[in-house]
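Chain by chain, the residues:
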Amino acid sequence: MKAFQFVEFQKPGKLREVPVPEPGPGQVLVKIGGAGACHSDLHILGMEKPAGGIESFKIPFTLGHENAGWVEKLGPGATGFAPGDPVIVYGPWGCGLCMNCRLGMENYCQRPGGPTPGGLGKYDGGMANYLLVPATRFLVPLGTLDPVDAAPLTDAALTSYHAIKRSYHLLGPGSTAVVIGAGGLGQMAIQILRALSASTRIVAVDTAMDKLEIAKRMGADEGLLSGDKAVKRINDMTRGHGAELVLDLVGINPTLQMAVQIARVLGHLTIVGLGGGTLPVNFFSPPHECSVASPFWGSIPELMEVVSLGEAGKIKILVEHFPLERAGEAYHLLHDGKIQGRAVITPNA
Ligand code: NAD
Ligand code: ZN
Ligand code: ZN
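The shown structure was predicted, so the numbers you read here are calculated from the model rather than taken from an experiment. (Residues numbered from 1 in each chain as written. Chains lettered and ligands numbered in written order. Predicted model: local features only at pLDDT ≥ 70, side-chain atom pairs only at ≥ 80, totals over all residues. Heavy atoms only, no water.)

### A word on the side chain of threonine 270
Threshold: We count a stretch as a helix when DSSP gives it H or I for four or more residues in a row; a strand needs E for two or more, and each element gets its number in order from the N terminus. Any residue under 20% of the maximum accessible area for its type is buried, any over 50% is exposed, and the rest in between are partly exposed; the area is computed with a 1.4 Å probe on protein chains only. Whether two residues are in contact is decided by their heavy atoms, any of which lying within 4.5 Å being enough.
The residue threonine 270 is located in strand E13 (residues 263-271) in this model. The exposure class of threonine 270 is buried, given its relative accessible area of 0%. For threonine 270, the contacting residues outside a window of four places in its chain are Ala163, Arg166, Ser167, Leu245, Val246, Leu247, Asp248, Ala293 and Pro295.

Below, the structure written as structure tokens:
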């Protein structure tokens, strides 16, 4: 089969011929309907060396950590699914046995090195005709949703959902949530905020006007260009108090600088973007009792909730499909800010 692979640091990915994997005991082979291109892949392709040490990488490996498809073949002893079932793949593969894994939070697996997702270094991902999934507990039935479109639910939506849910108690009437970066994740975050809290004022902040227009179509009350004027506008609209939740989906110094000026006392400043910026913390800043957190992905039960939101039509993904042969081009476009929503690779289309 063909696979779009990471072959070298600071080099673009490459289309290569690889064998179709054979599912071993308990494993499942999934025929890929769609594999999303996440900005995190650009961070990884651009790294000089792996952040977690070279032992966290098996090079080459197939990219694609946001996957959906159909069950193709069950390994010996794997049960609960049948060939042809439409499924979405939970990405952060943990040990299944530590406390966090048993609670469904395999994103925070406590074994040394944490979870080992497919497509992020150690195991092959879904930008290929088939993906080997290590256990059936990583599959969530897609119900009425089409795997060709649904893949972004398992990262763009799940990550945003998890990041928002921890701040749910802050999002009552009169509250304000600011989403910095209205790309793949941001567009999901806006719709999730709207679905979970009808009364929250949602403000989208981006450097691109077209993204702000999309953000407004997806439920944002206001769209602001990134910078000092956005800080002033948000502080004015909250009568100088700031926003209950500031979700930074970029995470570079300028966005963190903005975030800390628009978060309120007792608020949440949540850094999801891997931009690598830093935020000085002392008694005077961030605002008093404002919590700063950097959530990673989400839990299996949360993925089930996200799929429910998708099935209910509460979150719609703006998908741009690309055949496997054009995966490299999709990443170029993503890098240049030219993907409107989420690029999804469709190896079997
Ligand atoms: P994307 O490229 O689709 O969207 C990024 C958006 O940010 C674009 O709309 C862009 O115009 C905007 N942007 C860029 N610079 C900006 C600035 N200075 N101010 C405001 N907006 C700006 O990317 P994505 O796939 O949505 O990913 C977003 C980030 O989230 C990436 O850093 C990615 O690595 C990270 N991520 C983190 C997790 C996690 O678990 N924490 C999971 C998935 C993705
Ligand atoms: Zn991702
Ligand atoms: Zn574990």
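Right, picking up where we left off after that structure.
### What about the coordination of the zinc ion (ligand 3)?
Counted only if it meets this: A donor here means an N, O or S atom no more than 2.8 Å from the metal, or no more than 3.2 Å when the metal is Na, K or Ca. Since water is not included, a site may seem to lack partners. Any coordination sphere not matching a tetrahedral pattern (four donors, all angles between 85 and 135 degrees) or a square planar or octahedral pattern (four or six donors, opposite donors over 155 degrees apart, other angles between 65 and 115) is reported as irregular.
Surrounding the zinc ion (ligand 3) are the protein donor atoms Cys95 (SG), Cys98 (SG), Cys101 (SG) and Cys109 (SG), at 2.4 Å. Metal-centred angles of 101 to 120° between the four donor atoms at the zinc ion (ligand 3) mark the site as tetrahedral. Sequence positions of the residues that donate to the zinc ion (ligand 3) give the spacing C-x2-C-x2-C-x7-C. Comparing cysteine 98 with cysteine 101, the two get one shared label, buried.

### Focus: the sheet that holds strand E9 (residues 176-180)
To keep it simple, the criterion reads: When DSSP finds two or more bridges between two strands, those strands count as paired. Axis angles are defined between N-to-C directions and span 0 to 180 degrees, where every axis is a line fitted to C-alpha atoms and, for a helix, only to the segment in contact.
Taken together, six strands build an open sheet; the order of strands is E11-E10-E9-E12-E13-E14 and the sheet is parallel. For this open sheet the edge positions go to strand E11 (222-225) and strand E14 (291-293), each flanked by a neighbour on one side alone. Neighbour-to-neighbour, the strand axes of the sheet open up by a mean angle of 15°, direction not taken into account. Note: E9 against strand E12 (residues 243-248), four bridges, orientation parallel. By the bridge assignment for E12, alanine 177 is matched with leucine 245. Along the sheet, helix H6 (residues 209-217) makes contact with strand E10 (201-206) and E11, crossing E11 at roughly 165°. Set on the sheet, helix H8 (residues 253-262) makes contact with E9, E10, E12 and E13; between it and E13 the angle comes to about 155°.

### Comments concerning the nonpolar core
Note on soluble globular proteins: their nonpolar side chains tend to be buried together. We count it as follows: Buried Ala, Val, Leu, Ile, Met, Phe, Trp, Tyr and Cys residues that are joined via side-chain atoms within 4.5 Å together make up what is termed a nonpolar core.
One finds Met127, Leu139, Ile190 and Leu247 to be the most contacted residues of the largest nonpolar core, which totals 79 residues. Sequence-distant contacts of methionine 127, that is, excluding residues within four places in its chain, are made with Lys2, Ala3, Phe4, Ala35, Gly36, Ala37, Thr62, Leu63, Gly64, Leu324, Tyr331 and Ile345.

### A look at the site of ligand 1
Note the following rule: Residues are counted as near a molecule or strand when any one of their heavy atoms sits within 4 Å of it. We call two N or O atoms a polar contact when they sit within 3.5 Å, provided that within protein one can donate a hydrogen and the other can accept it, with sequence-adjacent residues counted only if both atoms are side-chain atoms. Here the accessible surface of atoms and residues is derived via Shrake-Rupley with a 1.4 Å probe, and residues count as covered only by protein chains that are part of the display. All amino acids are sorted into three groups, where Ala, Val, Leu, Ile, Met, Phe, Trp, Tyr, Cys and Pro are nonpolar, Asp, Glu, Lys and Arg are charged, and the leftover types, Gly among them, are polar.
In the vicinity of ligand 1 there are 29 residues, among which His39, Ser40, Asp206, Ser226 and Arg342 approach most closely. The contact in question runs from a nitrogen atom of ligand 1 to an N or O atom on the backbone of proline 295, over 3.1 Å. At 2.6 Å from an oxygen atom of ligand 1 is found a side-chain nitrogen or oxygen belonging to arginine 342. In isolation ligand 1 exposes 870 Å². Once the protein is present, 88% of that is buried. Every element with two or more residues in the shell around ligand 1 is listed here: helix H1 (39-45), helix H5 (184-196) and E10. Of all the elements, H1 adds the most residues to the shell around ligand 1, at three residues. Taken together, the residues that form the shell around ligand 1 break down as 14 nonpolar, eleven polar and four charged.

### Examining the sheet that holds strand E4 (residues 61-62)
The strand order E2-E1-E4 describes an open sheet built from three strands, whose pairing is antiparallel. Looking at which strands have only one partner, the edges of the open sheet turn out to be strand E2 (14-17) and E4. In this structure, strand E1 (residues 2-6) lies alongside E2, joined through four bridges in antiparallel fashion. Bridging from a neighbouring strand, phenylalanine 4 pairs with leucine 15 of E2.

### What to know about the side chain of serine 299
Tracing the backbone through its elements, the reader meets serine 299 in the loop between E14 and helix H9 (300-311). Aside from chain neighbours lying at most four places away, what touches serine 299 is Tyr90, Gly104, Met105, Asn107 and Leu158.

### Focus: the pairing of E9
Buried residues dominate E9, accounting for five of its five residues. Burial along E9 is two-sided: Thr176, Val178 and Ile180 and Ala177 and Val179, pointing in opposite directions, are all buried. Note that E9 and E10 share five bridges and pair parallel. Across the sheet, the residue bridging to threonine 176 is arginine 201, located in E10.

### Quick notes on the coordination of the zinc ion (ligand 2)
Here the zinc ion (ligand 2) is held by the protein donor atoms Cys38 (SG), His65 (NE2) and Asp155 (OD), which lie 1.8 to 2.3 Å from it. The sequence motif formed by the donor residues of the zinc ion (ligand 2) is C-x26-H-x89-D. Taken together, the residues cysteine 38 in the loop between strand E3 (28-37) and H1 and aspartate 155 in the loop between helix H3 (147-150) and helix H4 (156-165) connect sequence positions 117 residues apart. Note on accessibility: cysteine 38 and aspartate 155 belong to one class, buried.

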